[in-house]
Amino acid sequence: MTAQDVLQQYFGYDTFRKGQGELIAHILAGEDTVGIMPTGAGKSICYQVPALMLPGMTVVISPLISLMHDQVAALRAAGIPAAYLNSSLSAEAYRSTLSDVYNGRVKILYAAPERLETESMRNIAKEIPITMVTVDEAHCVSQWGQDFRPSYLKIASFLEQLPCRPRISAFTATATKEVCEDIVRILGLHKPFTLTTGFDRENLYFGVQQPRDKFRALYAIVKKRAGQSGIVYCISRRLVEEVCEKLCANGIPATRYHAGLPDEERARNQNAFICDEIPVMVATNAFGMGIDKSNVSYVVHYNMPKNMESYYQEAGRAGRDGSPADCILLYSGQDVRTNRFMIEQSSENEMLDAAARARIRSLDEERLRLMTYYCTRQECLRSYMLRYFGETTENYCGNCSCCRTNYETLDMTIEAKKIVSCIYRLHKRDLHFGIGGLTDILRGSQADKYTRYRFAETLSTFGIMQETSEKLCREMIRHLLSEEWITQSEGKFPVLQLNMNSVKLLREDCRITINVVKEAPPEAAAVSADAAVDPALLAALKACRAAIASKERVPAYVIFTDATLRDMAAKRPQNDMGFLSVSGVGRVKLEKYGDAFMKVIRENT
Ligand code: ADP
Ligand code: ZN
């Protein structure tokens, strides 16, 4: 089977996303690899597909044990022999997993880094051929990274004691140079093939608000998206509880998650959110790593997070299925102080010496500063973010609060020609005006001071910009000045002048655009992606999914994601071939669920 076949048969997707195919090819060729992709880009496929094609077993090292269960459940639902080893397993489940491993019934084994030092893991390493080790969230290995985990340092010694060195693939959403160097060095990668896909997630809208009353702002956002899944991140446990309580008191079903809650409550709340029983999750940043809930349609940050990496990772949990989704940050000056305080607190890590602590602290402070710039800037948020991650982009995306609320790009090529030719014609009559005068003339002003020139009869460019508002007309002239298409004389009453560029502008084919303030700023995006398909059918499909999920005791997305159900509702397949053509349906899922869902489609057509 080719990688393409595996993608189709097991995962039900027709094509690889950006970067996936290339990384897989290098993994299959036996190389070490580093994949740097934003959250939601599809890193898992990059190691899961080759894991199924390689002989032997793949060990996936992943930081959060609480989440392995769902990851493995999702793989099993697709017919992939996967298992996990961590401290949450009962003694019996642990033994039975081990016996599956020894009997060759496990292709992909998830393990927490702490497990690597256990005796059972060392025995596996000796006896079972491990062809690949995958390090997920690989930035955790680096002290330069935003969430360093000392247990990740154990990976290297685990690799060393393997009888035969497997290929290593490492994945992260953190792109800074220092972190990448650490990943290569500390994991001991051999000349790895490194691939960075673009960091942009086009379906995400980014917004920053600076509301006087944060809760009211949050309430408005959540209310507008009633029934859709959303995450609200707060900076402290106390705030999580407060905000969650207030939402509930205001009639919004919400649940909460932070490290101070009992394990049992945390698991229950997380489950209720993931299974769509409760739409809103209020949480600290302890929530979300590794969670693959694909239908989160908005992420609100009640406070500014400590750095852009964290922000992009947390916000990136919205819209994983590719539907439009909103990421909104509620900023206040207090957030800066709280973060600074937390940096001071956390620099007391005892595992590190004083110099390392000082270095980490100054890095954290720098990162916080750059995060603050994001919150206070007036221009395209997305371009700032992408530049932060090392990409060059235009300073306009049209889908962030700065672009949307403040500016839109207009093509002003025609207006530019009108402006320049008007100046030219005035100069021929030896008349010189400043910005205000030229604006009046272009807009055909009837003011007395122009009547003596008899422009209406004698100047062909008089009033040719009648349709353009005075404000915009001035802005356009200023824009031409700032881009040096025209110039201005010095002195107290500067007048407009032409230069070499102006001539070019009239004669040659150039395009001129301008960012202008929009008259009526809309709040945010979030057209529900569900709107495009028959709502009754979609609801019936969701009900069918919920019934199966509760019977199998797995989250709904493990059966099918919302994106898959939407595609199903649009295609209305009537037979196996048709069902397989739905995005997200592989062979095993066709066999397991095809009949049930096709029955629903028949009944609702
Ligand atoms: P990451 O780990 O990079 O945050 P995931 O691996 O969780 O992202 O993938 C995000 C979502 O994208 C998942 O729902 C996954 O099934 C989906 N996905 C991944 N690859 C593809 C593909 N080639 N075609 C369609 N959907 C995909
Ligand atoms: Zn923008």
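Above: the structure in question.
Definitions and cut-offs
Residues numbered from 1 in each chain as written. Chains lettered and ligands numbered in written order. Predicted model: local features only at pLDDT ≥ 70, side-chain atom pairs only at ≥ 80, totals over all residues. Heavy atoms only, no water. Phe/Tyr/Trp six-rings, centres within 6.5 Å; stacked < 30°, edge-to-face > 60°. Helix = DSSP H or I, 4+ residues; strand = E, 2+ residues; numbered from the N terminus. Lys NZ or Arg CZ within 6 Å of the ring centre and 35° of its normal. Core = buried A, V, L, I, M, F, W, Y, C linked by side-chain atoms within 4.5 Å. Buried < 20%, exposed > 50% of the residue type's maximum accessible area, 1.4 Å probe, protein only. Contact = heavy atoms within 4.5 Å. Donors = N, O, S within 2.8 Å, 3.2 Å for Na, K, Ca; no water. Tetrahedral: all angles 85-135°; square planar, octahedral: opposite > 155°, others 65-115°. Axes fitted to C-alpha atoms, helices over the stretch in contact; angles between N-to-C directions. Parallel < 35°, antiparallel > 145°, perpendicular 65-115°, else oblique. Left-handed = near helix turned anticlockwise from the far one by under 90°. Nonpolar A, V, L, I, M, F, W, Y, C, P; charged D, E, K, R; others polar. Pairing = 2+ DSSP bridges. Expected span 1.5 Å × (residues − 1). Bend = angle between axes of the 7 residues up to and from the residue. Lys, Arg positive; Asp, Glu negative; His and termini not counted. Salt bridge = Lys/Arg side-chain N within 4 Å of Asp/Glu carboxyl O.

**Student:** Is there a simple way to think about the packing of aromatic side chains in this case?
**Tutor:** The relative placement of two aromatic rings is captured by the distance of their centres and the angle of their planes. Applying the stated criterion across every chain, the model contains 19 aromatic pairs. Their ring planes at 75° and their centres at 5.9 Å tell us that F273 and F287 sit as a pair that is edge-to-face. You can see F273 sitting in helix 11 (residues 263-274) and its partner F287 sitting in the loop between strand 11 (280-283) and strand 12 (296-301), a full 14 residues away along the chain. Here R225 stacks its cationic end above the ring of Y298, 5.9 Å away from the centre of that ring. Sitting over the ring of F273, K293 keeps its end group 5.1 Å from the ring centre.

**Student:** In this structure, what is going on with the nonpolar core? I would like to understand it.
**Tutor:** A general tendency of soluble globular proteins is for nonpolar side chains to be buried together. If you look at the biggest cluster of nonpolar residues, it comprises 137 residues, and the most contacted ones within it are F206, Y374, M568 and F597. Other than its neighbours up to four places away in sequence, Y374 contacts F206, V208, M308, Y311, L329, L381, Y384 and M385. Membership of the second largest hydrophobic core comes to 32 residues, among which are M412, A416, M465 and M476.

**Student:** Would you mind going over the side chain of T564 with me for this structure?
**Tutor:** By secondary structure assignment, the location of T564 is in helix 25 (residues 562-571). Here T564 is in contact with V582, S583, G584 and V585, once residues within four sequence places are set aside.

**Student:** Help me out: how do you make sense of the coordination of the zinc ion (ligand 2) in this one?
**Tutor:** Six octahedral donors around a metal ideally make angles of 90 or 180 degrees; four tetrahedral donors ideally make 109.5 degrees. Only C380 (SG), C397 (SG), C400 (SG) and C403 (SG) from the protein coordinate the zinc ion (ligand 2), and they sit 2.3 to 2.4 Å from it. Relative to the metal, the four donor atoms surrounding the zinc ion (ligand 2) lie at angles of 101 to 121°, and the coordination shape comes out tetrahedral. Taken in sequence order, the residues that donate to the zinc ion (ligand 2) follow the motif C-x16-C-x2-C-x2-C. Look at C397 and you get partly exposed, because its relative accessible area is 25%.

**Student:** Is there a simple way to think about the packing of helix 23 (residues 535-552) against helix 27 (residues 587-603) in this case?
**Tutor:** How two helices pack is summed up by the angle between their axes together with the distance between the axes. Close contact between helix 23 and helix 27 brings their axes to 9 Å; oriented N to C, the two are set at 150°. Between helix 23 and helix 27, the interaxial angle falls into the category roughly antiparallel. Seen from above, helix 23 lies across helix 27 with right-handed handedness. Touching L537, A540, L541, C544, R545, I548 and E552 of helix 23 are Y593, A596, F597, V600 and I601, all from helix 27. When its residues are assigned to classes, the contact of helix 23 with helix 27 shows ten nonpolar, no polar and two charged.

**Student:** Honestly, the packing of helix 18 (residues 435-442) against helix 21 (residues 470-482) in this entry has me stumped. Any pointers?
**Tutor:** Between helix 18 and helix 21, whose axes approach to 10 Å, the crossing angle comes to 125°. Here helix 21 runs oblique to helix 18, going by the angle between their axes. Between helix 18 and helix 21 the crossing geometry is right-handed. Contacts between helix 18 and helix 21 involve I435, G436, L438, T439 and L442 from the first element and E470, C473, R474, I477, R478 and L481 from the second.

**Student:** When you look at the pairing of strand 13 (residues 325-330) in this model, what are you seeing that I'm missing?
**Tutor:** Among the six residues that make up strand 13, six are buried, leaving the element largely enclosed by the rest of the structure. Here strand 13 shows no split at all, with A325, C327 and L329 on one side and D326, I328 and L330 on the other all buried. Strand direction decides the pairing type here: strand 8 (residues 204-209) and strand 13, joined by six bridges, are parallel. When the sheet's bridge partners are listed, L204 is paired in strand 13 with A325. Bridge count between strand 12 and strand 13: four bridges; the pairing is parallel. Counted as the bridge partner of V299 is C327 from strand 13.

**Student:** Can you help me understand helix 27 in this one?
**Tutor:** Given 3.6 residues per turn, any residue in an α-helix points the same way as the ones three and four places further on. Over its 17 residues, helix 27 extends 23 Å from the first C-alpha to the last, a length consistent with the 24 Å expected when each residue adds 1.5 Å. If you look at helix 27, its biggest bend is around 60°, right at Y593. Residues of helix 27 that are buried: K589, L590, Y593, G594, F597, M598, V600 and I601.

**Student:** I would appreciate a short explanation of the side chain of D136 in the present structure.
**Tutor:** Looking at where D136 falls in the secondary structure, it is placed in the loop between strand 5 (130-135) and helix 7 (154-160). No salt bridge is formed by the buried D136; the nearest opposite charge belongs to K43, separated by 6.3 Å. Apart from the residues lying within four places of it in its own chain, the contact partners of D136 are Y47, I61, S62, P63, Y152 and F171.

Honestly, it's all geometry; don't read function into it.
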